[in-house]
Structure formats: structure tokens, C-alpha cells
Amino acid sequence: MKYDCFRTGLPCLLAAAFFLIPFPLCGAVAGLAGLLIFWCPAWKRMKAPDVTVGIGFGLITFGIILFGEEQMEPWRAFVIPALLAGMAFGSVLVNLPFTVPYAKERSSPEMWVMPHFIIVNRILTLFWGLLFLGICFSLVWAGHCGQVARLLQWVVPALLFVSGFKFTTWYPRWHEERFVRPFLQQSS
């Protein structure tokens, strides 16, 4: 289970390398093929972000085939982060925050029905949705910034991801110490 993030992350890095060269069709196909190859043995553990990234690579591939690389170039970078943002916000709207399956892997079944478990996962999912939107805005801004474009295309999204993982590990503990423990102490 601890390698599941790598099953999705490595194909994304492979695709990014082809996008940099620039061979966008090869990048999209490599990303999609990498996801299929890495996830094939563990497909039952796939989660919403993994499927969303796969759909994104599929859309990019078909977009390049149907419309050409030049037509897709302005949109290619936004497809996956926009889909991930939509997936995150949509999962909250249907009351199935996408972070719940990840949280269930790290907590006992007794925790899954606790109100704070759901609250924390809604907040984390909204946070990730905003993070994905932040990546989209960074990419839009990159198109208008000339010299700092590479920074906005690669460094800012990487920093957002790192901060996302840091927040995801910090926030549940902080929430428990701030809200759950004082409530349990008052109850007993």
C-alpha cells in the first residue's frame, strides 16, 4: 500500500519528461501506459485520484490525436490538475471525500464512524481541491510571465504538492489535539 502514490506519481514524472523534450503525444501515452502497467497488479486499490489522472492522460492523448499538438498545447497542462480539482470538490459535494480511503488505511475501523473523522476528511479534501486549483492558476500565470514561467510551471506545483502532503499529515493530529481530546476530557 505504501507504494500506491508511486504507482501514480512515476507515470506522471515520465509524462512530464516527454512534455519537456517536447513530445506531448509520447508523454500522454507514456503516462497512460505507465498507469496501466503499474496499477494492473494492484487495480483493486486504485482510488479516485489515480483514476482521474488516468482519465486526464486519456483525454490529453485523444485531444492531441483529434486536434493536434498545437491546438492542445495551451490546454494540455491544465487537464489533469483541473480534473483533480473537480474530483476533489465533487467528492465533497456527494459526501464521499476522496481522502477517506487513504485515511481508512491509517486508522482503525472504530474511527471511521466518528464525526471528527468525516470532518477532517472533508477539510483535507477541500484543501486538496484548492491546491489543485492553485496549480491551475500557477500554470495560467506561467503563460504570461516569460522569464519565471519555468518556476511557475514546475517549482510552484512541486512546492504545492509538498505542502499538501505536509498539511495532510499535520492537520489530523492538530484537529484531534485541538477539538477531540478536549471534548473527550470534558465528557469523562
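K.L.:
Sorry, what's going on with helix α4 (residues 69–93) here?
P.N.:
Two residues of an α-helix separated by three or four positions point the same way, owing to the 3.6 residues in each turn. Taking 1.5 Å as the rise per residue, α4 with 25 residues should run 36 Å; its terminal C-alpha atoms sit 34 Å apart, in good agreement. In this structure, the buried residues of α4 make contact with α1 (4–20), α2 (24–39), α3 (48–67) and α6 (115–142). Immediately beyond the C-terminal end of α4, within one or two residues, lies N95, with a positive phi of roughly 60 degrees.

K.L.:
Teacher, can you tell me more about the environment of P97 here?
P.N.:
Mapped onto the secondary structure, P97 falls in the loop between α4 and α5 (100–105). Residues contacting P97, with those up to four places away along its chain left out, are S91, N121, R122 and T125.

K.L.:
How should the pattern of salt bridges be read in this particular structure?
P.N.:
Opposite charge on two side chains permits them to pair, given that their charged atoms come into close proximity. With the rule as written, the count across this model stands at 2 salt bridges. Measuring nitrogen to oxygen at the nearest pair gives 2.7 Å for the salt bridge that ties E105 to K47. Placement of the pair is E105 in helix α5 and K47 in the loop between α2 and α3, with a sequence separation of 58 residues. For the salt bridge of E73 with R76, the shortest nitrogen-to-oxygen distance reads 2.8 Å. Taken together, the residues span about one helical turn, with E73 and R76 both in helix α4 at a distance of 3 residues.

K.L.:
Got a minute to help me understand the environment of L10 in this structure?
P.N.:
In this structure, L10 sits in helix α1. For the pair L10 and G34, spaced 24 residues apart in sequence, the C-alpha separation works out to 7.7 Å.

K.L.:
Where do I start with the packing of aromatic side chains in this structure?
P.N.:
Within a pair of aromatic rings, the relevant descriptors are the distance that separates the centres and the angle that separates the planes. Enumeration over the complete set of coordinates arrives at 14 aromatic pairs. Ring geometry for F98 versus Y102: centroids 6.5 Å apart, planes at 90 degrees, classification edge-to-face. With a relative accessible area of 8%, F98 lands in the buried category. For Y102, a relative accessible area of 25% translates into the label partly exposed. With centroids separated by 6.0 Å and ring planes inclined at 45 degrees, the aromatic side chains of W128 and F161 adopt a geometry described as tilted. Residue W128 is located in helix α6, and its partner F161 is located in helix α7 (residues 149–187); the two are separated by 33 residues in the primary sequence. When its relative accessible area of 6% is taken as the criterion, W128 is described as buried. Here F161 falls in the partly exposed class, since its relative accessible area comes to 32%. Here the aromatic residues F127, W128, F132, F161, F165, F167, W170, Y171, W174 and F179 are joined through ring pairs into a cluster of three or more. In this structure, R76 is placed above the aromatic ring of F19, and the distance from its NZ or CZ to the ring centre is 4.3 Å.

K.L.:
What am I meant to see in the nonpolar core here?
P.N.:
Most often, soluble globular proteins have nonpolar side chains that are buried together. With 24 residues, the main nonpolar core has V53, F57, I60, I80, L84, F98 and F132 as its most contacted residues. Where this core is concerned, the elements lending two or more residues are α1, α2, α3, α4 and α6. When residues in this core are grouped by element, the largest group, 8 residues, is from α4. Excluding its chain neighbours within four sequence positions, the residues that come into contact with F57 are P11, C12, A15, G27, A28, G31, L32, L35 and I80.

Rules of the game
- Residues numbered from 1 in each chain as written.
- Predicted model: local features only at pLDDT ≥ 70, side-chain atom pairs only at ≥ 80, totals over all residues.
- Heavy atoms only, no water.
- Helix = DSSP H or I, 4+ residues; strand = E, 2+ residues; numbered from the N terminus.
- Expected span 1.5 Å × (residues − 1).
- Contact = heavy atoms within 4.5 Å.
- Salt bridge = Lys/Arg side-chain N within 4 Å of Asp/Glu carboxyl O.
- Phe/Tyr/Trp six-rings, centres within 6.5 Å; stacked < 30°, edge-to-face > 60°.
- Buried < 20%, exposed > 50% of the residue type's maximum accessible area, 1.4 Å probe, protein only.
- Lys NZ or Arg CZ within 6 Å of the ring centre and 35° of its normal.
- Core = buried A, V, L, I, M, F, W, Y, C linked by side-chain atoms within 4.5 Å.

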